[in-house]
Amino acid sequence: METREITLRFGGLEALNGVSFSIAPHQIVGIIGPNGAGKTTLLNAITGVYAPDSGEIFFRGIPISALKPFQITALGINRTFQQVQLFSNMTVLENVMVGMHPRTKSGFLGGVLHLPGERKEERKIRQKAETLLDFFGLLPKANWMASYLSVGDQKRLELGRALASEPSLLFLDEPVAGLNIRETEEMGKLITRLKENGQTIVLVEHNMHLVMGISDWVIVLSNGSKIGEGRPEAMQKDSRVVEAYLGA
Amino acid sequence: MGKKNKISLLIYALIIFTIPAILQNNYHLMVLNVAALNIVVVIGLNLLMGYAGQISLGHAAFYGLGAYLSAIFTTTYSFPPWTTLVMAMVITGLVAYAIGIPTLKLEGHYLVMATLGFNVIIYIVMIQLDEVTGGPSGFAGIPRLRIAAFAFDSDLKIFYLLWTVSIGVLILSLNLIHSRVGRAMAALSHNEIAARCSGIDTETYKVKIFVISAVLASLAGSLYAHYITFISPGTFSFFYSIQVVTMVLVGGMGSLWGSAFGAILLTLLPEVLHAVKEYNVLIYGLILMIVLIFFPQGLFPGIMGIFAKRKIDGQSGSREPLAWEKGT
Amino acid sequence: MTLWLQFFQFLLSGLTTGSTYALIAIGFSLIHNATGIVNFAQGEFVMLGGMFMVTFLSLLRLPMPLAFFLTVLSVAAIGLLLERGPIRRARSKEILILVMITVGASIFIKGLSMLLWGKNPMTLPPFSGEAPIVFLGAAVMPQSIWTFAITVFVVAGLNYFFKGTVTGKAMRAVAASRRSALLTGIPVDRMILLSFTLSGALGAVAGMILTPITTTSYDVGVMLGLKGFSAAILGGYGSMPGAVVGGLLLGILESLSAGLISSEYKDALAFLVLLTVLFFKPSGILGRGRLRRV
């Protein structure tokens, strides 16, 4: 994926200013920056929630900045949210089943008439969802209401839902916010395991230990602009980065 | 759709179909017949409210469109009734599509307003276009429905037809809710942004649900016309739109069984209150307020909640999501 | 009469009804700005304004200024009760539910009015007699002038209230951002209460000036409320100048179409306008475009 000169304004406030970078497959890329740097805004722009005022985003060569979120998801990009956005009145299993929406196709007719093709697909959906839940250790809680899960479990469920759509590129917005040290470590291991399974992951995070620990590459934003990118160790020592975090 | 629903359906159908054997009074049968039609409208409206999170205050217009289109074409122009019924559904669907496309794109209560405006306009047209519609005194002489030589010309015969349709619509809607599309709709109503990012085309779904709800209302309207054989604008006023929304809310948004419950209850209620006819309006307003203030999730789910304890880890089988609860 | 004169006549009568639509529209905007909900009982406030005035003036034979004052007070009190009661007590704060509660309230009020005042239309005598005044060749009812004048007075008063008093500015703050208002210590709950009370008062005034012209009865509320709402949308929902512009414009359009095209479909026009605005420019004439979110 590649972004070129993304600029996005909210009224008079310039949230993103000419941000450009590329992401190569099969790695974990971390995006860091002080609060207000525009990290989540960037994420929203890429996933179609906001439309950038100028610039272009390419995914596998296809320009996507004008597409709607559901179309972008169908192409293979998915995300989790800073504050968990589950379907709280559906069960854990159903949340993951919804995640599979872009990869399945039964429509109104099949649903209403309960046609054989629809039944077969439903069975498949259920099986796949159960497999995913199993991967995350949530299978025993499959019939729980999603809102009854602990925060850590909810974050894993949201991750499971995102993975259900079989994305090639996954954005995680502060996946360990609100988690304790043990849960953070487990999430880190989980993310690394996903990368080893072939997933490309972009991580927006404040937790430096985590980001520097598992990322292959780090991009730094400050005040809406990219101020550096490189290997984690290099970014930790980069003077501009340090200044952005400590200065002003 | 799960064992619990299938068993409930069986019991429901059994009870309904044996009622005429017990209840000989034709007037009572007529009330139940109207209830059956109201269930169809209310289920459609519930799909819209409980799953697309939109409110329509103009469903009387779609009900009326079905009724008047069927009435006019079969009586004045001698079209075949069943074909006209389907044609009316198509026309109503197209009209709903035309209204839905621009208004459902917007955030906010715009669909409410558009449907409200549409209801009033159609109502006024029904009254003013009197050469075609018969005006305020109504339109009479609508032919009965028939299948080959068999005519549905008594309250009893129509009872079986209408309730078969009504139960059929319930079955098909239950199927829909428990399918991939139904899940997408439930997701859409809970958390639209998350639904979009999960790959659901929320705009298209909202329009489709709105069209379906309008088409169901049209179906009910056409059947109504061929049943009573006389229709007048008063039946299709803004007040009817409010009544069906009340039925959805009393039954619980998102709960189809609740819709059946709400429709039957609130169709029967005015008959019970017949003695205090003047208080009809007042009591409706009171019920609407009380239910909404104290039972925003619906009377039916409230009552059901007392019987069925919801365990954290034990809801095997199907369960209908209460789609209204978005958190305060 | 020449076409120009006819046109002028229609314009004047349109401005008259338009003034009341403007007042009703402002009522809608007030509550929407404070709470985000559409108050469907607004039309009933107008109806009550007429009804109470008839009761105080004609039935109880109170002097005009006293009757006026009592009417405004009564309907404002009803607005207050609506907020303190059903709205405040509601278990769910979801906008859709609250809007439907106002629908229930409007039906309740209508039903109650039907019982209290019966179904027959009632009327008020015009404030200063029936003799038309000739203005530029057209006959103008004195009541129309009263209507317009009172409306201007009310709008000016509201303008001063919102721009010049602390309470008014506090209400504008709540409309702009409830959270910020809370954080700066503004008693948001009280502002909401005030918005309902004020809307009640506005409805009362609208009802009072309209009744001598069009009579009133228990069921006029629905149509008036809907038309006032259309006016608010037309002018730009949520903005007071928009409400005024929308109201006047709607009144004029209605009057012109009734006079020049057909009077039977007069009532339908307001809703045709509503649908047109919703389809093409939902932000209304004076409204700004919304933030483009994909």
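About the cut-offs
Residues numbered from 1 in each chain as written. Chains lettered and ligands numbered in written order. Predicted model: local features only at pLDDT ≥ 70, side-chain atom pairs only at ≥ 80, totals over all residues. Helix = DSSP H or I, 4+ residues; strand = E, 2+ residues; numbered from the N terminus. Buried ≥ 20, exposed ≤ 12 C-beta atoms within 10 Å, placed from the backbone. Contact = placed C-beta atoms within 7 Å. Domains from an automatic or database assignment. Nonpolar A, V, L, I, M, F, W, Y, C, P; charged D, E, K, R; others polar. Pairing = 2+ DSSP bridges. Core = buried A, V, L, I, M, F, W, Y, C linked by C-beta atoms within 7 Å. Axes fitted to C-alpha atoms, helices over the stretch in contact; angles between N-to-C directions. Parallel < 35°, antiparallel > 145°, perpendicular 65-115°, else oblique. Left-handed = near helix turned anticlockwise from the far one by under 90°. Expected span 1.5 Å × (residues − 1). Arc of directions from axis to C-beta. pLDDT = per-residue confidence, 0-100.

### Things to note about the overall build of chain A
Argument step 1. For chain A, the count of helices and strands is 10 helices and 10 strands.
Argument step 2. By the burial criterion, 47% of the 248 residues in chain A qualify as buried.
Argument step 3. Excluding contacts between residues fewer than 6 apart, the proportion of contacts in chain A whose partners are at least 24 apart in sequence is 66%.

### Considerations on the overall build of chain C
Argument step 1. Within chain C, the secondary structure is distributed over 11 helices and two strands.
Argument step 2. Counting from the amino terminus, helix and strand elements in chain C follow one another as α-α-α-α-β-β-α-α-α-α-α-α-α.
Argument step 3. Projected onto its principal axes, the C-alpha coordinates of chain C cover approximately 60 × 50 × 35 Å.

### Notes on the domain arrangement of chain A
Bring the parts together and some accessible area is lost; that lost area is often taken as the interface size.
All names here are of chain A.
Argument step 1. According to the domain assignment, chain A consists of domain 1 (1-43 + 50-67 + 167-248) and domain 2 (91-166).
Argument step 2. For domain 1 and domain 2, the distance between their C-alpha centroids amounts to 28 Å.
Argument step 3. Listed as interface residues are six residues of domain 1 and, on the opposing side, six residues of domain 2.
Argument step 4. Split by residue class, the side of domain 1 that touches domain 2 holds four nonpolar, one polar and one charged.

### So, the pairing of strand β9 (residues 217-222) of chain A
All names here are of chain A.
Argument step 1. With six of its six residues buried, β9 lies for the most part within the structure.
Argument step 2. Burial along β9 is two-sided: W217, I219 and L221 and V218, V220 and S222, pointing in opposite directions, are all buried.
Argument step 3. In this sheet, β9 lies alongside strand β3 (residues 28-32) in parallel orientation, the contact comprising four bridges. Opposite G30, over in β9, you have V218 as the bridge partner.
Argument step 4. Note that β9 and strand β10 (residues 225-230) share five bridges and pair antiparallel. Along β10, the bridge assignment pairs V220 with G228.
Argument step 5. Hairpin connection from β9 to β10: two residues lie between these consecutive antiparallel strands, with N223 at a positive phi of about 55 degrees.

### Some words on the nonpolar core
Argument step 1. Grouped together as the largest cluster of nonpolar side chains are 271 residues, with contacts concentrated most on V41, L216 and A220 of chain B together with M100 of chain C.
Argument step 2. It is helix α10 (residues 202-228) of chain B that provides the largest number of residues to this core, a total of 16 residues.
Argument step 3. When residues of this core are sorted by domain, at least three fall in each of domain 1 (1-43 + 50-67 + 167-248) and domain 2 (91-166) of chain A.
Argument step 4. Apart from residues no more than four positions distant in its own chain, A220 of chain B is found in contact with L37, V40, V41, Y63 and G66 of chain B.

### Here we look at the interface of chain B and chain C
Argument step 1. Each side of the interface is counted separately: chain B has 34 residues, and chain C has 37 residues.
Argument step 2. Where the side of chain B that touches chain C is concerned, the elements lending two or more residues are α4 (81-104), α5 (110-128), α11 (238-251) and α13 (280-294) of chain B.
Argument step 3. Counted by class, the side of chain B that touches chain C contains 26 nonpolar, six polar and two charged residues.

### Examining the packing of helix α3 (residues 64-89) of chain C against helix α4 (residues 95-117) of chain C
Residues and elements named next belong to chain C.
Argument step 1. Their axes nearest at 10 Å, the elements α3 and α4 cross at an angle of 120 degrees. Classified by the angle between their axes, α3 and α4 sit oblique to one another. Two packed elements cross with a definite hand, and for α3 against α4 that hand is right-handed. Along the contact surface, α3 presents L82, P86 and I87, while α4 presents L98, I101 and A105.

### Some details on unusual backbone geometry
With the exception of glycine, the majority of residues adopt a negative phi angle, and the majority of peptide bonds are in the trans configuration.
Residues and elements named next belong to chain B.
Argument step 1. Positive phi, close to 50 degrees, is recorded for S78, a residue that is not glycine.
Argument step 2. Along the chain, S78 turns up in the loop between α3 (59-75) and α4.
Argument step 3. Accessibility expressed as a C-beta count within 10 Å gives 10 for S78, which makes it exposed.
Argument step 4. A positive phi angle, near 60 degrees, is found at T229, a position not held by glycine.
Argument step 5. Take T229: it is sitting in the loop between α10 and β4 (230-231).

### Describing helix α6 (residues 151-164) of chain A
Residue and element names in this part refer to chain A.
Argument step 1. A rise of 1.5 Å per residue sets the reference length of α6, with its 14 residues, at 20 Å; its end C-alpha atoms lie 20 Å apart and thus fit the reference within 8%.
Argument step 2. Taken across its 14 residues, α6 has 11 buried, putting it largely inside the fold.
Argument step 3. Turning to α6, its buried residues number three or more, namely Q154, K155, R156, L157, E158, L159, G160, R161, A162, L163 and A164.
Argument step 4. Turning to α6, the residues buried within the fold contact β6 (77-79), α3 (92-99), α5 (116-135) and β7 (169-173).

### Thoughts on the interface of chain A and chain B
Argument step 1. Taken together, the contacts link 34 residues of chain A with 30 residues of chain B.
Argument step 2. Residue composition of the side of chain A that touches chain B, by class: 15 nonpolar, 15 polar and four charged.

### Topic: the sheet that holds β3 of chain A
All names here are of chain A.
Argument step 1. In spatial order, the strands read β6-β7-β8-β3-β9-β10; together these six strands make up an open sheet with mixed pairing. Every interior strand has two partners, whereas the edge strands, β6 and β10, have only one. Direction aside, the axes of adjacent strands within the sheet are offset by 20 degrees on average.

### Looking at the environment of I55 of chain B
Argument step 1. By secondary structure assignment, the location of I55 of chain B is in the loop between α2 (26-51) and α3.
Argument step 2. Overall, I55 of chain B belongs to the buried group, with 25 C-beta atoms counted inside 10 Å.
Argument step 3. Considered as a pair, I55 of chain B and L45 of chain B are 10 residues apart in the sequence and their alpha carbons are 8.1 Å apart.
Argument step 4. Among residues more than four places away in sequence, those in contact with I55 of chain B are M49, V112 and V245 of chain B together with L96 of chain C.

### Re α5 of chain A
Argument step 1. With 20 residues, α5 of chain A extends 29 Å from end C-alpha to end C-alpha; this agrees with the ideal 28 Å at 1.5 Å per step.
Argument step 2. Buried within α5 of chain A we find E118, E122, I125, A129, L132 and L133 of chain A. Taken end-on, α5 of chain A shows its buried residues confined to a sector of 95 degrees, consistent with a single buried face. Away from its buried face by more than 90 degrees, α5 of chain A exposes P116, G117, K120, R123, Q127 and T131 of chain A.
Argument step 3. Buried residues belonging to α5 of chain A abut α3, α4 (108-113) and α6 of chain A together with α8 (180-190) of chain B.

### A closer look at the environment of I62 of chain A
Argument step 1. Here I62 of chain A shows up in strand β5 (residues 62-63).
Argument step 2. Taking the C-alpha atoms as reference points, I62 of chain A and I125 of chain A, 63 residues apart in sequence, are found 29 Å from one another.

### Considering the environment of G50 of chain C
Residues and elements named next belong to chain C.
Argument step 1. Residue placement: G50 occurs in helix α2 (residues 42-59).
Argument step 2. Sequence separation between G50 and L260 is 210 residues; the distance between their C-alpha atoms is 29 Å.
Argument step 3. Ignoring any residue separated from it by four or fewer positions in sequence, one finds G50 in contact with G207, M208, L210, T211 and T216.

### Notes on the packing of α3 of chain B against α4 of chain B
Two measures define how a pair of helices packs: the angle their axes make with one another and the distance between the axes.
All names here are of chain B.
Argument step 1. Running from N to C, α3 and α4 cross one another at 140 degrees; their axes reach a closest spacing of 9 Å. For the element pair α3 / α4, the angle class is oblique. Of the two possible hands of crossing, α3 and α4 adopt the one that is right-handed. Residue-level contacts link F62, L65, G66, L69, S70, F73 and T74 of α3 to P81, T84, L85, A88, M89, I91, T92, V95 and A96 of α4.
Argument step 2. Of the residues in the contact of α3 with α4, the class split is 11 nonpolar, five polar and no charged.

### Looking at the confidence of the model for chain C
All names here are of chain C.
Argument step 1. Per-residue pLDDT for chain C averages 84, and the proportion of residues at 70 or more is 97%.
Argument step 2. Low pLDDT, under 50, characterises residues 289-294; the predicted model gives this stretch 10 contacts beyond four residues in sequence or across chains.
Argument step 3. This prediction of the complex comes with two scores: 0.85 for pTM and 0.83 for ipTM.

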